Amino acid sequence: MGSSVVIDQTLDRQTFATAVLEASHDRPVLVDFFATWCGPCQLLKPILEKLAQEYDLTLAKVDIDQYPDLATQYHVDGVPDVRLVVAGEVKPGFVGMLPEPQIRELLGQWGLRSSLETAIALVETLVADKRYPEAKVQFDHLFDRYPGHGAVAIAAARFLLQIQKPEDALQILRTIEVGDSPHYEKAQGLKGLAELHALALAPVDGSEETTGELAQAFSRGAQSAVAGDYDTALNTFLEIVGRDRKFRNDGARKAMVTLFDCLGPDHDLTHTYRKRLMQTLY
């Protein structure tokens, strides 16, 4: 886990050089140039402390009013001003208050990975290799170590979908609250996919809703989505929309929207089928 180095009144430029520049050869250092009168600085402080722990970073906090010479040396014009120091090199970071997801994205661009991201990558490798018992053990550890973390819930839900347990996946996804951005948005897309999984696995009861021609097509579309063949799934659902939009309460169109959410707005299939859906509807 990371640690925090607080630049206090006893430190000068030379001590800063030792505690930050030299130390960065062993572990990256986040330098937070701040001021006590700065509101955004106070909001950013707990976020940086949390990320320093997750990413195994040293966090150095520099009060620009106590150390104007350091602020001048590093051309700090506004606060908060956050820099990354690696191997003695001070890299540009960001100025002002940023939401936590954007800071995480920036850390990723710097090539940094949190302990949580490393653990999730490991368990996803186990899932990809179909080493399911080992993956379950690792997920148990993750839930213990990161209780209530949206990223763990998302990864676990994907795992449960792969082993054909959509209802369990839905139960986990419902624990992600609306304020947990961006995990909540991902959870909504996965919920729709889990519902498609449940439909694909649902038993046939002999009714027209489950045995008719459109019902069989809808089931094929759901099964294609479960298998990850999103092109076939989207094409199948689009055909149903064209034939009977009211089928299953506009279910085929809703299924397409669900897959758009899963694929993301920039995916080629999203662009293609969103356009085709609009042409079909209007």
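What you see is a predicted model; the values in this text were computed from it and never measured.

A. Fine view of the overall build of the chain. Check the secondary structure of the chain and you find 14 helices and five strands. The C-alpha radius of gyration computed for the chain amounts to 25 Å, which surpasses the reference 19 Å derived for 282 residues by more than 25%, pointing to a less compact arrangement than a globule. Seen through its C-alpha atoms, the chain measures out along the principal axes to roughly 80 × 45 × 30 Å. Taking all contacts inside the chain whose residues are at least 6 apart in sequence as the whole, residues at least 24 apart take part in 65%. Only carbon and sulfur atoms are counted for the fraction: they give 51% of the accessible area of the chain, which is about 15,000 Å².

B. Just the environment of Lys-130, in detail. By secondary structure assignment, the location of Lys-130 is in the loop between helix 5 (115-128) and helix 6 (132-145). The exposure class assigned to Lys-130 is exposed, which follows from its relative accessible area of 60%. Counting along the chain gives 34 residues from Lys-130 to Gly-96, while the straight-line C-alpha distance between them is 44 Å.

C. Layout of the packing of helix 9 (residues 183-201) against helix 13 (residues 251-263). Their axes nearest at 8 Å, the elements helix 9 and helix 13 cross at an angle of 130°. The angle between helix 9 and helix 13 falls in the class oblique. Judged by the sense of rotation from one axis to the other, the crossing of helix 9 with helix 13 is left-handed. Contact residues: Gly-189, Leu-190, Gly-192, Leu-193 and Leu-196 in helix 9; Ala-255, Thr-258, Leu-259, Asp-261 and Cys-262 in helix 13. Partitioning the contact of helix 9 with helix 13 into residue classes produces six nonpolar, three polar and one charged.

D. Examining the state of the cysteines more closely. All told, the structure shown has one disulfide when counted by the stated rule. Linked covalently through their sulfurs, Cys-38 and Cys-41 form a disulfide whose S-S length is 2.5 Å. With the S-S dihedral at roughly 85°, the linkage between Cys-38 and Cys-41 falls on the right-handed side. For Cys-38, a relative accessible area of 5% gives the class buried. According to the relative accessible area criterion, Cys-41 is buried, its value standing at 4%.

E. How the structure looks around the packing of aromatic side chains. Counted according to the given criterion, the structure contains six aromatic pairs. Seen in terms of ring centroids, Phe-16 and Tyr-74 are 5.7 Å apart; in terms of plane orientation they differ by 50°. Their pairing is tilted. Note that Phe-16 is positioned in helix 1 (residues 13-22) and Tyr-74 in the loop between helix 3 (68-73) and strand 4 (81-86), a separation of 58 residues in sequence. Overall, Phe-16 belongs to the buried group, its relative accessible area being 3%. Seen from their ring centres, Phe-218 and Phe-247 are 6.2 Å apart, and the 55° between their planes marks the pair as tilted.

F. Inspection of the pairing of strand 3 (residues 58-63) at higher detail. The element strand 3 is extensively covered by neighbouring structure, given that six of its six residues are classed as buried. Residue alternation in strand 3 divides its side chains into two sets, Thr-58, Ala-60 and Val-62 and Leu-59, Lys-61 and Asp-63, and both sets are buried. Sheet topology places strand 2 (residues 29-34) next to strand 3; six bridges connect them, and they run parallel. Bridged to Leu-30 within strand 3 is Leu-59.

G. Main features of the nonpolar core. If you look at the biggest cluster of nonpolar residues, it comprises 50 residues, and the most contacted ones within it are Phe-237 and Met-256. In terms of residue count, helix 7 (residues 150-162) provides more of this core than any other element does, 10 residues in total. Not counting residues up to four positions away in its chain, the partners in contact with Phe-237 are Leu-196, Phe-218, Gly-221, Ala-222, Ala-252, Ala-255, Met-256 and Leu-259.

H. Up close: the packing of helix 12 (residues 230-243) against helix 14 (residues 268-281). At a closest axis distance of 10 Å, the pairing of helix 12 and helix 14 adopts a crossing angle of 5°. Considering their axes alone, helix 12 and helix 14 lie roughly parallel with respect to each other. Contacts between helix 12 and helix 14 pair Tyr-230, Asp-231, Leu-234, Asn-235, Leu-238, Val-241 and Gly-242 from the former with Leu-269, Tyr-273, Arg-276, Leu-277, Thr-280 and Leu-281 from the latter. Its residues assigned to classes, the contact of helix 12 with helix 14 shows eight nonpolar, three polar and two charged.

I. Spatial organisation of helix 9. Its 19 residues give helix 9 an end-to-end C-alpha distance of 26 Å, which sits within 8% of 27 Å, the value for a rise of 1.5 Å per residue. Of all the residues in helix 9, the buried ones are His-183, Ala-187, Gly-189, Leu-190, Lys-191, Gly-192, Leu-193, Ala-194, Leu-196, His-197 and Ala-200. Buried residues belonging to helix 9 abut helix 7, helix 8 (166-173), helix 11 (213-226), helix 12 and helix 13.

Parameters at a glance
- Residues numbered from 1 in each chain as written.
- Predicted model: local features only at pLDDT ≥ 70, side-chain atom pairs only at ≥ 80, totals over all residues.
- Heavy atoms only, no water.
- Helix = DSSP H or I, 4+ residues; strand = E, 2+ residues; numbered from the N terminus.
- Rg over C-alpha atoms; globule rule 2.2 N^0.38 Å.
- Contact = heavy atoms within 4.5 Å.
- Areas by Shrake-Rupley, 256 points an atom, 1.4 Å probe, with all protein chains shown as cover.
- Buried < 20%, exposed > 50% of the residue type's maximum accessible area, 1.4 Å probe, protein only.
- Axes fitted to C-alpha atoms, helices over the stretch in contact; angles between N-to-C directions.
- Parallel < 35°, antiparallel > 145°, perpendicular 65-115°, else oblique.
- Left-handed = near helix turned anticlockwise from the far one by under 90°.
- Nonpolar A, V, L, I, M, F, W, Y, C, P; charged D, E, K, R; others polar.
- Disulfide = S-S within 2.5 Å.
- Phe/Tyr/Trp six-rings, centres within 6.5 Å; stacked < 30°, edge-to-face > 60°.
- Pairing = 2+ DSSP bridges.
- Core = buried A, V, L, I, M, F, W, Y, C linked by side-chain atoms within 4.5 Å.
- Expected span 1.5 Å × (residues − 1).

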